[in-house]
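Close look at the chain arrangement
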Amino acid sequence: MTDATLAAPQRGPDHRAWAARLRDVGFWADWAALVGLVVLVIVFQSANSTFLSVGNIQSMLVAAAILIILAVGQTFVIATSGIDLSIASAMTLGAVAFGQAYQAGWGLGPACLLAVAASAAVGVANGLIVARGKITDFIVTLGALSAASGLALILSDGKPVTVVDASLLKLSTGGLGVLGWTFLIAAGVAVAAHVVLFHTRFGTHVLATGGAPESASAMGISTARIKIAVYVISGVLAGLGSILLVARVGAAEPAANTSFLLNSVAAVVLGGVSLFGGRATIIGPVIGALLLTALVNGLTLLGVSQFYQPLSVGIVVVLAAFLTRFQR
């Protein structure tokens, strides 16, 4: 072996080929929710022809409406590298407040306002304690989860309140073609959230707070106010969700539904929002919410036991979280 051969650098792996592969994986990671939704639709339609029937599509969209609204609220919080574990309990508290006000004869309008105010109060408390008290958001919202659930039980004495109202019935059953009013409301919330997050100074500050809080503070952004604001947004949207929940169920129930909490976080993860903050999207969590709703609906149509549904959701979320490692 000559000296020139010894001196020549040894050829390593083709880094350009690896980079191309990572870019390909990154593409699929960015569009994981949409690809997953398309695959589910093909599989479930092949297994059961009623999956894409007009009635079932309308049912899925109505079922997804509340989850979409909660996922949008959760997105704002997670964009600042936080998390709101109390969002489902805040919605329950709002529903109970709605039921108590309606039962007392307040009327539909004031009852709706009280529901939003009650849920927003949870968001205000979360934001103030996290931002001003400097306490970890996980602990604060976990405590708020328990406190809001307990307060809902105390106010209602653990008893559901039946709400019979023509306007609420129309809200839950009416719509434009296959698009129910509740889904149209959720779509409107998503569009407004997209505009706020990507076309306003506030949205820029939200992403800056999550991505580089020290730099954001150095630029004069009040990160504490931003954190308070996103928790308030989460609370207000939970209040809106409580109104749609009462309309759909026909009653204000004090029992918290933890599946809304888990699925709201799952939809955000599926949508490609970074759990470390600074990277967010609105359309992603919306598609993630539709995917989770389609998954549960499809399994139900196939006669799969409800015991397997949380397992399937968990597997999908873990796979989505794995793909986020390769996001571009």
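Computed from a predicted model, the values in this text were never measured in an experiment. (Residues numbered from 1 in each chain as written. Predicted model: local features only at pLDDT ≥ 70, side-chain atom pairs only at ≥ 80, totals over all residues. Heavy atoms only, no water.)

1. Re helix 13 (residues 258-270)
Formally: Where helices and strands are cited, they refer to DSSP runs of H or I of at least four residues and of E of at least two residues respectively, numbered from the N terminus. A helix is expected to span 1.5 Å multiplied by its residue count minus one. Categorising residues by exposure relies on relative accessible area from a 1.4 Å probe, with only protein chains included: less than 20% of the type maximum marks a residue as buried, more than 50% marks it as exposed, and the intermediate range marks it as partly exposed.
The first and last C-alpha atoms of helix 13 sit 18 Å apart over 13 residues, in line with the 18 Å expected at 1.5 Å per residue. Along helix 13, ten of the 13 residues are buried, which leaves the element largely enclosed by surrounding structure. Here helix 13 has its buried residues at Phe260, Leu261, Asn263, Ser264, Val265, Ala266, Ala267, Val268, Val269 and Leu270. Remark: Gly272 follows helix 13 within two positions and exhibits a positive phi of approximately 85°.

2. Looking at helix 10 (residues 201-211)
What counts is decided by this rule: Throughout, the arc means the angular range of directions from the helix axis out to the C-beta atoms. Residue contacts are counted whenever heavy atoms from the two residues lie within 4.5 Å of one another.
Buried residues of helix 10: Gly203, Val206, Thr209 and Gly210, and no others. Summarising the axial view, the buried residues of helix 10 lie within an arc of 125°, below the 170-degree limit, and thus occupy one face. In helix 10, the exposed residues that point more than 90 degrees away from the buried face are Arg201 and Gly211. Buried positions along helix 10 lie against helix 4 (54-79), helix 9 (181-199), helix 11 (213-218) and helix 12 (223-249).

3. With respect to a nonpolar patch on the surface
Selection criterion: The patches reported here contain residues having more than 30% relative accessible area and no salt bridge. Joining distances are 9 Å for like charges and 5 Å for nonpolar side chains (Val, Leu, Ile, Met, Phe, Trp, Tyr). Note that accessible areas follow from Shrake-Rupley with a 1.4 Å probe, and for residues the cover is restricted to the protein chains shown. Note on definitions: salt bridges are taken to be side-chain nitrogens of Lys or Arg within 4 Å of carboxyl oxygens of Asp or Glu.
Taken together, the side chains of Trp31, Leu34, Val35, Val38, Val39, Ile42 and Val43 present a nonpolar region at the surface, about 580 Å² in accessible area. Residue placement: Val39 occurs in helix 3 (residues 32-47).

4. Re the layout of surface pockets
One way to see where empty space is left: roll a probe the size of a water molecule over the atoms. Rules: Definitions used throughout: a 1 Å grid over protein atoms alone; a cavity as a set of points that fits a 1.4 Å probe which cannot get out; a pocket as an open set with protein on both sides within 12 Å along at least five of seven lines; a lining residue as one with an atom within 4 Å of a point. Grid points are joined across faces, edges and corners, and a volume is the space filled by probe spheres set on the points. Here the nonpolar group is Ala, Val, Leu, Ile, Met, Phe, Trp, Tyr, Cys and Pro; Asp, Glu, Lys and Arg are the charged ones; every other residue, Gly included, is treated as polar.
Looking at the largest pocket, its volume works out to about 970 Å³. Asn257, Ser259, Phe260, Asn263 and Val296 are, among the 37 residues lining the largest pocket, the residues nearest its centre. The volume enclosed by the second largest pocket comes to roughly 250 Å³. If you trace the second largest pocket, you find twelve residues lining it, with Ala32, Gly36, Leu291, Val316 and Leu319 closest to the centre. Those elements that provide at least two residues to the lining of the second largest pocket are helix 3, helix 14 (283-301) and helix 15 (309-323). At five residues, the largest contribution of residues to the lining of the second largest pocket is made by helix 3. Looking at the lining of the second largest pocket residue by residue, the classes come out as eleven nonpolar, one polar and no charged.

5. Examining the side chain of Asp137
Our working definition: Residues scored as positive are Lys and Arg, those scored as negative are Asp and Glu, and His as well as the terminal groups of each chain are ignored.
With respect to the element layout, Asp137 can be found in helix 7 (residues 137-156). Here Asp137 is buried and forms no salt bridge, its nearest opposite-charge partner Lys227 lying at an N-O distance of 6.4 Å.

6. Focus: the nonpolar core
Convention followed: In this description, a nonpolar core means a group of buried Ala, Val, Leu, Ile, Met, Phe, Trp, Tyr and Cys residues linked to one another through side-chain atoms lying within 4.5 Å.
Residues Ile68, Val72, Phe98 and Leu292 are the most contacted members of the largest nonpolar core, which totals 88 residues. Setting aside anything within four residues of it in sequence, one finds Phe98 in contact with Leu108, Ala111, Cys112, Ala115, Val163, Leu168, Ile243 and Val246.

7. Here we look at the pattern of salt bridges
Any two side chains of opposite charge can pair, so long as their charged atoms come close to each other. Applying the stated criterion across every chain yields a total of one salt bridge. A salt bridge links Asp157 to Lys159; the nearest nitrogen and oxygen atoms lie 3.9 Å apart. Given a relative accessible area of 57%, Asp157 falls into the exposed group.

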